[in-house]
Amino acid sequence: SRVSWTGAKKPAAEHRLWAPREEEEEEEDGFEKDGFVVSDVEGEGNEEEEEEEEEGLKEKRKRKRRRSRDDELDDEDLELIGAEPRRKKEKKVFRRLKKRKTMDSDRMENERMEDEIARNIFGESDEDDILADEEKEKGSSKHDDILDDIFSSEDELDDFIVRTKEEEEERRRARRRAREGKPAEITDVQMAEANAIFGNDLAEYFSSRTQVEEETMGMEGGDLSDEGDAPSDRLKAAQQMDEMYEPATLEEHFMTAKDKKIQESDVPERLQSLIQLRGNVSLADLQEEAEWISEGLVTLAKEFNMPPLEDPYLAEISSILQFMYLDKLDVPFICRYRKDSYAPLSVSMVWEVVDLDRQYIHFKRLRDGVISYLDSLDLSSSLYGTYRTEVESTKTAQDAIDWANHLNHHHGLDNGDAAGTSTRKRTRLSKMLFYQRHGLDRLAHGFALTSQQLGENLREGYQRHVPPTMEQTAEDVVREWISAAEARDVEYRDRLLTGDTTDLEHYVLPQQLKQEDNVLRACRYFLALEISSEVHVVQAMRTAFTHHALLTTTPTKEGMTEIDVFHPHAYEKAIVAKPLSQVTYSQFLAIRRAESRGLITVRIYVDDKDLEVYFTSELKRRYCSDMTSLLEQSWNDQRSMVLNTALSKILFPRFCREAYRHLTAKGCEDVAIKAAAEFERRLMQGRYKLQDKSQPGRARVLALVVGQDADEADFAVLVDQQGAFSDTIKMSFFRGGGGYGSEGIERREVDQQRLINFIAEQRPDVCVVGAAGMASQRAFNDLQKIIQGDDLLKEIESRGFSLPPIDVVFGCMDVPLLSGRSRRYEQEFPEFLPIVRTAVSLARFLQDPLCEYANVASFHLTSFFTITYHTLQDAVDEDILKKFFGRKLVTAVNSITVDVNRVLTCPHTEPLLEFVCGLGPRKSYQLLKSIRDGQDQVVTREELKDHFSSKIYQNAIGFLTISPKYLPKSDAQSTFALDRTRIHPDDYFFARKMVLDISSGLVDGDDAGEIIYAFLRHKMRHELLNNVDLNGFADTWERERKEKKKLTLFDIREELQEICPDPRPPFEMPSERAVFEWVTGQTQETLKIGQFTAALVKKALPAVVFCQLLDLEIPGVIRKGDISSTAPGEADMTDIVHAGQSLRCRVKAIDYCRFQAVLDARSEAINGEDLDFSQFDRDAEPFLNCDLLHSHVMLAAQRDEEEEKKRREMVRIIQHPLFQKINGEKAEAFLRKKDVGEIVIRPSSIGFDHITLTYKFAESIYVHLDIFDAENEGKTKAVPLGRKLYVGKNRGTEYEDLNEIIARYVEPLCNHAQEVFDSDKYFSGTREEMDQLLRIEKKRNPKGIPYKFCRSQKHPGYFVLGYLPNVTAKHEFFSPRPGGFKFRNNMFSSLFKMVGYFKKNYQDISKRIVGVLQARNPHHGAAPPQRPSYMGAAPPRPAGAYNAYPAAAPFAAAPPPGRPA
């Protein structure tokens, strides 16, 4: 039969002392048995006792639990583990019970262990089940254990990692300081900054804390203070300040010891972690690493189909490493100013070298750990030399792991519990020790080759070693072995009885090993373990597995119905026998995501034919005897079973896990690279430039951001050329909403006129509208009409100006929404609303997108991950995305450079400085503070030397420019011309020589600076520079100075021809498709051609029908001929459909210009196959079974699921007078004619552990309560109702029966609801009618704030509190509860108290913000519940209930209490 291995976990139900699998996770404390814990390693107690002292507080919290566990130990158990029997009056708590080192206790313990091992090996299972750990773990994903370790260090060799002395000393100091509670040292600069933020009390806090520390240390040394209780008083004050200022707050302002160390270090900030990780290195070490990296680059070129590397480029790679580790140069500096040293490698290859450098550090630590462990073994000189040579020749971390396994299995037993082995490896060693103690190893090696001999046969390619010739059958050999073992047991017992224990060491044979089949099974398994740890065998089998493994995916029950041709995982639904070598990295990550969501199951296996041809037969030729006698053939059968066990039970599962780990890691990296490429494309989009090129500088931008709700005001903001906020205007009725009739039109015209006056006064160069929702599309059209209209022209001419051309563009809101809500914007505009800050960010984004990206990244780079750059982005670990996104941001900033004086003049550009080469958040913060403490401007680069250390200056100065346009005229004349270029000061000599040689006689000047300045303004400089022979000069320089400078000279020439050219492309108007996605929120993944959608007819005309797509929330249109196949072509469409009618349609096309979908409602389209109407590419995945994507197959599976759901729903019968066997729709029909408060109890479609209580809340409003039956949780058949009932999902209050729920929950709730109904403020109509009444009352009493209540039609069980503070009605939700009323997340015992609270706090904006957060997170707070699917059909919506522009319709989602409706 076909064999498959999926890398599943061991089931948790069966507990074992020793697990037969190397990768199995074990408890840290060794093994657990019978409720107590026994250490698995001798000598471990002292370390644990030290841990006890360090974790005393933690121990106190666990003492109660340990006492209860310890009480389960009887005297026999304590005697078994070597502990004294506990006296009855004493209550001793054991944290860890250690083995005694007496001979008797060791013997008893060993015998108990061996019995348990034997039971695990020779239990009820047959030979195929000898490894029970291959069973699947119930209720968990197959590969969850692997995914936890994908990007961390290889856990199989964590204990082998060798740290440097500096690292160990640092770790010890950190632990010591943590135990002693010593505070971090704070610099004077940090203290001054802290005082500015927190006040002077922070300085007193640190002072008192330091004094307390010194005095406490003095008291410990015997130097007692005369102040009595003064130290304790100061200590108490310091502790209070510790509680006041959290460590996170100090870290935020770079005031910790770590920040101080980073700031003072003369190493680039982003390079410090890498250098600390590596430690001190020599030139020889870097040369060895260069050879390793060179091989890695060749492998990468093959994997990613890059041009092959014909030259190893060892010198270039070595130069890059020397620049980083010896010269302390950051990567952007190397890429820009050291091109001659790494050419012809590209910049991307330089970053690859950096990545491979990190991999090499990890690999070298693993290899050094294995070598260190090898040195600790007691081996012969020849064997040690062989092993040492093999280990030193390893090139990958996997090879090092293989050798560690080999040493552990073959030589770890001779050295006790091997140093550096984890608990799970010690478990395997204990199992091997069991075999050796009873002589099974000698018995097994008597009829088979050793693993080393098999490895040599495979390596040599012929049978160098042959198995021993057997003269007896297997049964006879085993029978003799058992007889000899029993004889030794008898002799052992006799000597014990006579007291002769001299040199007595014996292990009694377990009962299971007295059976012949069990002995043979144990021998075969021992040999399989040895073979699976032989390096050459493992590597040969792994290579074959890589080439011949297959992958198959199978849809689950949920995936069968959910994944259709439009689903993101359609191509992963049913892959059949695809070679694993052909699975791309990103495809495997998509498979992994679908599997994690429960949509598919994944199987990696080897086909039976390939298993026999490429694995079994090859091993048999090298392992079995070639003799043909019946006796030898019977022994060959035993050897074949050994090979099958090694392959199927040990090696293949291991290879599957390795493949799963490797492909997932590579998939995450591949997707991260692609997402970072898209991030870079958006990052480097061009900034808006003025159409009139005669006007220098950036444009004045007017940004318009519309409110998200229909009654929320719109704001327009004007930002000047420098990005500084200039003015803003609030428009409450710009898009309407000012009322009905002439009054609303008048208010809208007033707002439009105010905007015209604002534009005429501010005269912006461009207008940008934030694209978010269909309301922004209407605002864009209105603003465009204003710009092109005569009213604006007249207004500007009346002010004495002419109207220049003003562009109106859409702007993407992704980054402005993040930036406008960042902490920096809150500090810059504390008095502004978030929507105004967002408008400012939108305007600045048009001026300089990179600056806004840097603003968001300076605080939280992970904020960008909320924006989609790749469809599989959510499956990638954030640390991986962070690395590649940060790299793109650093590269972009350094390619454009940063003007120091612009940063000093425009504070919103400060985040750019953080990403300059050599700097970082701490060093850029330190630089700005240092400059501003002395002066407010920088005239030359030379001045920056006073603010930098030497290495930081060398790294950063080339990317920091000094432009005169941000300086006063008096200082601008003092600038040096080359300081505004990207030429490094180290290369000024070449630039100066190049200019002076060319400009001789062409320009005038007293000194070199004036000549260079004049030359850079010369019109002929491009032609003059092109005529310079740079190649000849570079060759001469290299010949005389032994230094390559050719590429550097070419860069200098390009920079002199065009100073700091902007690499970003020119600004382009967004495409129609991009604007459509911004406005509607629908992308290629959510809106596809051919997919089904539900459409509500808004308006029917003779030739066209206008609809609203209910699930996609965008407008739709059905043209003539697409409504019905049977209607004649000249038929009037108004005779076929009418307003308010719901239709099922397919998306036929997408009209990006009109922001609508073209629909097809014909029966042929509705009933046709999805594959025929979609753009699904059948050839994209040749191994995909497309039959499972057909609609009739999916519908059949869906019908089966619905029938099963109905069967479960209608079976359960509850003995209660109010119980009826009906569904939600029938329950509402039953209560329709009943009084308010009437109840019906019915079955639940969720399962047999739920029932539903439906009661009539008000006329036409019904509430469905889910009741959870805790005693019957998980039951799959009808059972009587339990005695532990809970209402809702929170499961707070427990009820014994349904009558108690009715009495304590439903009736009080209805009484409180009746209190609202009886209130004189209650209005029985709709919310819109209530608003009209509020406006009437407001006119009668303009100074008052009228308010009323009405029931919520959308959210049964909730009321709407409406009030009119000014001209716009506000709405908030509240709900009756058994204990009162819940409003703004507060409980009130009566309606009177709730109204009193509301009157005092109606202006409380913070509560509304909480409500907005709750609306975004439906699990936050008490949001009105949506109608669940099991409640039955909802009442039909009235015609016209849907707006053609859903973004403007209020309450698009269920808002929680406190959110303004």
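This text goes with the structure placed above it.
Residues numbered from 1 in each chain as written. Predicted model: local features only at pLDDT ≥ 70, side-chain atom pairs only at ≥ 80, totals over all residues. Heavy atoms only, no water.

## Brief notes about the overall build of the protein chain
- When helices and strands are tallied, the protein chain shows 56 helices and 27 strands.
- Looking at the protein chain as a whole, 50% of its 1461 residues qualify as buried.
- The contacts in the protein chain between residues at least 6 apart in sequence include a share of 67% that link residues at least 24 apart.
- Taken as a whole, the protein chain presents about 70,500 Å² of accessible surface, with 48% of it coming from carbon and sulfur. (Helix = DSSP H or I, 4+ residues; strand = E, 2+ residues; numbered from the N terminus. Buried < 20%, exposed > 50% of the residue type's maximum accessible area, 1.4 Å probe, protein only. Contact = heavy atoms within 4.5 Å. Areas by Shrake-Rupley, 256 points an atom, 1.4 Å probe, with all protein chains shown as cover.)

## Structural notes on the packing of aromatic side chains
- Applying the stated criterion across every chain, the model contains 50 aromatic pairs.
- Here Phe976 and Tyr988 contribute two aromatic rings whose centre-to-centre distance is 5.6 Å and whose plane-to-plane angle is 65°, an arrangement assigned as edge-to-face. Of the two residues, Phe976 is situated in the loop between helix 42 (969-972) and helix 43 (988-999) and Tyr988 in helix 43; the sequence distance between them amounts to 12 residues.
- For Tyr988, a relative accessible area of 9% corresponds to the buried category.
- Ring geometry for Tyr1347 versus Phe1398: centroids 5.9 Å apart, planes at 65°, classification edge-to-face. Highlighted residues: Tyr1347 in strand 23 (residues 1347-1351) and Phe1398 in helix 55 (residues 1391-1401), separated in sequence by 51 residues. Each member of the pair, Tyr1347 as well as Phe1398, carries the same accessibility label: buried.
- In this arrangement the basic side chain of Lys1321 is found over the ring face of Tyr1347, its NZ or CZ atom lying 4.8 Å from the centre. (Phe/Tyr/Trp six-rings, centres within 6.5 Å; stacked < 30°, edge-to-face > 60°. Lys NZ or Arg CZ within 6 Å of the ring centre and 35° of its normal.)

## Observations regarding the sheet that holds strand 17 (residues 1142-1151)
- Taken in spatial order, the 5 strands close into a barrel running 14-15-16-18-17, and their pairing is mixed. The mean inter-strand angle of the sheet, taken between neighbouring strand axes irrespective of direction, is 50°.
- Of the strand pairs in this sheet, strand 15 (residues 1104-1109) and strand 16 (residues 1115-1119) are connected by 5 bridges, and their pairing is antiparallel. Bridge assignment links Phe1106 to a residue of strand 16, and that residue is Val1117. (Pairing = 2+ DSSP bridges. Axes fitted to C-alpha atoms, helices over the stretch in contact; angles between N-to-C directions.)

## Let's talk about helix 11 (residues 257-264)
- Buried residues of helix 11: Asp259, Lys260, Ile262 and Gln263, and no others. The arc enclosing the buried residues of helix 11, seen along the axis, measures out at 165°, which places them on a common side. Along helix 11, the residues that are exposed and aim more than 90 degrees away from the buried face are Lys258 and Glu264. (Arc of directions from axis to C-beta.)

## Let's talk about the sheet that holds strand 21 (residues 1261-1269)
- Taken together, the 4 strands give an open sheet; going across it, the order is 19-20-21-22, and neighbouring strands pair in antiparallel fashion. The sheet is open, and its two edges are formed by strand 19 (1239-1243) and strand 22 (1285-1287), each paired on a single side. This sheet shows a mean twist of 30° between the axes of neighbouring strands, independent of strand direction.
- In terms of strand pairing, strand 19 meets strand 20 (residues 1250-1258) through 5 bridges, oriented antiparallel. Along strand 20, the bridge assignment pairs Ile1241 with Leu1253.
- Lying over the sheet, helix 52 (residues 1224-1231) contacts strand 19, strand 20 and strand 21, oriented at roughly 165° with respect to strand 19.
- Running over the sheet, helix 53 (residues 1298-1317) touches strand 19, strand 20, strand 21 and strand 22 and is turned about 25° from strand 20.

## Side note on the environment of Tyr585
- With respect to the helices, strands and loops of the structure, Tyr585 is situated in helix 27 (residues 585-596).
- Judged by its relative accessible area of 17%, Tyr585 falls in the buried class.
- In sequence terms Tyr585 and Lys666 are 81 residues apart; their C-alpha atoms lie 5.8 Å from each other.

## Re the pattern of salt bridges
- One pass over the structure, following the stated rule, counts 55 salt bridges.
- Of the charged contacts, one joins Arg336 and Glu1055 as a salt bridge, the two residues approaching to 3.7 Å between their closest N and O atoms. One end of the pair, Arg336, is in helix 15 (residues 331-337); the other, Glu1055, is in helix 47 (residues 1046-1057), with 719 residues separating them in the sequence.
- What makes Arg336 partly exposed here is its relative accessible area of 21%.
- Using a relative accessible area of 2% as the deciding quantity, one classes Glu1055 as buried.
- Beyond isolated ion pairs, a larger network of salt bridges with shared partners links Arg687, Asp848, Arg902, Asp1062 and Arg1064. (Salt bridge = Lys/Arg side-chain N within 4 Å of Asp/Glu carboxyl O.)

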